[in-house]
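Chain by chain, the residues run as shown.
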Amino acid sequence: MEFVWFYVNLLQNKSKSFIIMSVKSYIESNKERFLNELFTLIRIPSISAKQEHKPDMERCAEKWKELLLSSGAEKAVVMPTKGNPVVYGERLYKPEAPTVLVYAHYDVMPAEPFELWKSDPFEPVIRDGRIWARGADDDKGQSMMQVKGFETALKEGLLQCNVKFIFEGEEEIGSPSLEAFCRENKELLKADIILVSDTSMVSAETPSLTTGLRGLAYWELEVTGPNRDLHSGHFGGAVANPINTLCKLIADITDEDGRITIPGFYDAVEEVSEAERKMIAQIPFDEEKYKAAIGVKALLGEKGYSTLERNSCRPSFDVCGIWGGYTGEGSKTVLPSKAYAKVSCRLVPHQDHETISQLFEAYIASVAPDYVDIKVHPSHGGQGYVCPIDIPAYKAAEKAVGIAFGKRPLAVRRGGSIPIISTFEQILGVKTILMGFGLEQNAIHSPNESCQLDFFYKGIGSVAEFYREYR
């Protein structure tokens, strides 16, 4: 009996090795085509934040429709929303088989400041083993990994589940149209698990899967003082300067220990368990390299927590932009009428972004001095998310990434936000596997965004292997 077991096991391992090699072989033989298809998408400046790019959004959606069909989807359509269109595609295997819903976004961040780019942000180039372009990682590069991984699995006979695709064009502006779309199309989007590649790994040497995301709340502040800009010599020292007032208000939102001073802000914060803190402490992390990579001499954050805890498991407050007065060339001695700031909070699971928004507005109203008028304009927000690591889809993703990268991935929480993930859980009632292939050095949202070529192909391989494991 032992000989029979050994022989069967040997055959199974040989069969598995053959399948793995066939995946690599298919990817190798289609490398140039995969890149060319990605580049056609990157060249479309699908910037959702700018109204003048509305035609580009529609053009990009149509291109994704074409690519889904050519990659093996039996159906692909561009569906209207109140904002930018959604691209839906599907390939159905068997009614009784599990269904994977692949989510991605085809919009990208604005590329400014252009002068900091080493090459045209919308004309992709390969340099130093990397793809350089806006969207190379976030999220056109990672979306293409999903689609080409699906194609590879299909061509190599690994696909044993139903696959649906939903690609939106508003993620970078908070997905304002997607919740309504999901509610209106619950049956169409019915699935057992959602698969997303829009997150990052710990490092090139340490593959990982994201098991948690922070939530987000975002506002714009408008501070008004005098009814017009004033001569700073005639009025300085006698009239409140809105910029000065705004800066003090913002500075007071965090205390000397890095704690946020808004009353009630921490009431629902989930404290990280000692067991999880020990797991976080085992993640390979070189603080000196971290500082050097971003060009700072020291780090700053909430007292009592490590850097990795601060940027993944703890809430934070940041000023994302501030302006007012004269900012042109030369000098202009002006006391401005208005000042503005865009501010945000990253939230942790159980912190409701709508509750936090209300607390923020109430706080600003309570501390606003009577010598200026302050308006708070709430913007987009979203809840945090945690994924269990004992469900079949996570285990399949873990195995798949381990095969493609040669090392079992760590389970880690990340500090970013994808607000629609928690919305999916609320509306569609399913969990999401965050199977991302980005790296910190890819500089998403910044000038000179890039993606490692080898990660692009390993990502494709990981997705193909996922479909072999998930059934």
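Residues numbered from 1 in each chain as written. Predicted model: local features only at pLDDT ≥ 70, side-chain atom pairs only at ≥ 80, totals over all residues. Heavy atoms only, no water.

**Section: the packing of helix α12 (residues 392–405) against helix α14 (residues 453–469)**
Where α12 contacts α14, the two axes come as close as 8 Å, and the packing angle between them is 135°. If you check the angle between α12 and α14, you find them oblique. In this structure, α12 crosses over α14, and the sense of that crossing is right-handed. Here α12 contributes Ala393, Ala396, Ala397, Lys399, Ala400, Val401, Ile403, Ala404 and Phe405 to the contact with α14, which in turn contributes Phe455, Lys458, Gly461, Ser462, Glu465, Phe466, Arg468 and Glu469. Tallied by class, the residues present in the contact of α12 with α14 amount to ten nonpolar, two polar and five charged. (Axes fitted to C-alpha atoms, helices over the stretch in contact; angles between N-to-C directions. Helix = DSSP H or I, 4+ residues; strand = E, 2+ residues; numbered from the N terminus. Parallel < 35°, antiparallel > 145°, perpendicular 65-115°, else oblique. Left-handed = near helix turned anticlockwise from the far one by under 90°. Contact = heavy atoms within 4.5 Å. Nonpolar A, V, L, I, M, F, W, Y, C, P; charged D, E, K, R; others polar.)

**Quick look at helix α9 (residues 287–294)**
One side-chain oxygen at the N-terminal end of α9 lies 3.0 Å from the backbone nitrogen of Glu288; it belongs to Asp286. Positive backbone phi, at 70°, marks Gly295, one or two positions downstream of α9. (Polar contact = N/O pair within 3.5 Å; in protein donor to acceptor, adjacent residues only side chain to side chain.)

**With respect to the environment of Ala61**
Within the secondary structure, Ala61 sits in helix α3 (residues 54–70). Ala61 gets classed as buried once you look at its relative accessible area, which sits at 0%. Residues Ala61 and Gly258 lie 197 residues apart in sequence; the distance between their C-alpha atoms is 43 Å. Aside from chain neighbours lying at most four places away, what touches Ala61 is Val78, Pro85, Val87 and Tyr106. (Buried < 20%, exposed > 50% of the residue type's maximum accessible area, 1.4 Å probe, protein only.)

**With respect to the pattern of salt bridges**
Opposite charge on two side chains lets them pair, provided their charged atoms get close. Under the criterion given, the structure shown has 25 salt bridges. For Asp252, the salt bridge identified is with Lys248, shortest N-O distance 2.8 Å. The residue Lys431 makes a salt bridge to Glu425 at a minimum N-O spacing of 2.9 Å. Counted as one network, the salt bridges with shared partners bring together Arg33, Glu37, Lys148 and Glu151. (Salt bridge = Lys/Arg side-chain N within 4 Å of Asp/Glu carboxyl O.)

**Observations regarding the layout of surface pockets**
Each pocket or cavity is described by its volume, and for the second largest pocket that value is around 250 Å³. As for the second largest pocket, its lining consists of 15 residues, of which Glu179, His353, Gly381, Gly382 and Thr423 are closest to the centre. Elements that contribute at least two residues to the lining of the second largest pocket include exactly α11 (353–367), β14 (373–382) and α13 (419–428). It is α13 that contributes the most residues to the lining of the second largest pocket, five residues altogether. For the lining of the second largest pocket, the residue count by class is three nonpolar, nine polar and three charged. (1 Å grid on protein atoms, 1.4 Å probe; cavity = no way out; pocket = protein on both sides within 12 Å on 5 of 7 lines; lining within 4 Å. Points joined across faces, edges and corners; volume = space filled by probe spheres on them.)

**A short note on empty space enclosed by the protein**
Within the structure shown, the criterion is met by one cavity of 30 Å³ or more. Looking at the largest cavity, its volume works out to about 30 Å³. As for the largest cavity, its lining consists of Leu221, Leu246, Leu249, Ile250, Ile253, Ile364 and Ile374. In the lining of the largest cavity, the residues fall into seven nonpolar, no polar and no charged.

**Focus: the packing of aromatic side chains**
This model, assessed by the stated rule, comprises 14 aromatic pairs. Measuring from ring centre to ring centre gives 5.3 Å for Phe456 and Tyr457, while their planes differ by 65°; the resulting arrangement is edge-to-face. With centroids separated by 5.5 Å and ring planes inclined at 75°, the aromatic side chains of Phe466 and Tyr467 adopt a geometry described as edge-to-face. You can call Phe466 buried: its relative accessible area is 0%. Ring pairs connect the aromatic residues Trp64, Phe150, Phe165 and Phe167, which therefore count as one cluster. Over the ring of Tyr457 we find Lys31; its NZ or CZ atom is 4.8 Å from the centre of that ring. The cationic tip of Arg259 hangs over the ring face of Tyr266; the distance from NZ or CZ to the ring centre is 3.8 Å. (Phe/Tyr/Trp six-rings, centres within 6.5 Å; stacked < 30°, edge-to-face > 60°. Lys NZ or Arg CZ within 6 Å of the ring centre and 35° of its normal.)

**Some points on the packing of helix α4 (residues 140–155) against α14**
Two elements in contact, α4 and α14, have axes separated by 7 Å at closest approach and are oriented at 45°. Compared by their axis directions, α4 and α14 come out oblique. For the crossing formed where α4 meets α14, the hand is right-handed. Taking contact as the criterion, the partners of Gly141, Met144, Met145, Gln146, Lys148, Gly149, Phe150, Thr152 and Ala153 in α4 are, on α14, Phe455, Phe456, Gly459, Ile460, Val463, Ala464 and Tyr467. Of the residues that constitute the contact of α4 with α14, the class distribution is ten nonpolar, five polar and one charged.

**Focus on the side chain of Gln452**
Its place among the elements puts Gln452 in strand β18 (residues 450–452). Take Gln452: its relative accessible area is 15%, and that puts it in the buried class. Gln452 has contacts with Gly129, Arg130, Ala204, Leu439, Gln441 and Asn442, leaving out every residue within four places of it along the chain.

**Observations concerning the confidence of the model for the protein**
Chain-level pLDDT for the protein is 94 on average; 96% of the residues reach the 70-or-more range. Low confidence marks residues 1–15, where pLDDT is under 50. Its contacts with residues over four positions away, or in another chain, come to zero contacts. (pLDDT = per-residue confidence, 0-100.)

**Details of the sheet that holds β14**
Remark on secondary structure: sheet strands pair via backbone hydrogen bonds, oriented parallel or antiparallel. In space, the four strands of this open sheet follow the order β11-β13-β9-β14, with antiparallel pairing throughout. Both edges of this open sheet fall to β11 (316–324) and β14, since each of them pairs with a single strand only. Sheet twist, expressed as the average angle between the axes of neighbouring strands with direction ignored, equals 15°. With eight bridges joining them, strand β9 (residues 215–224) and β14 adopt antiparallel strand pairing. Residue pairing across strands places Trp219 opposite Pro378, the latter belonging to β14. (Pairing = 2+ DSSP bridges.)

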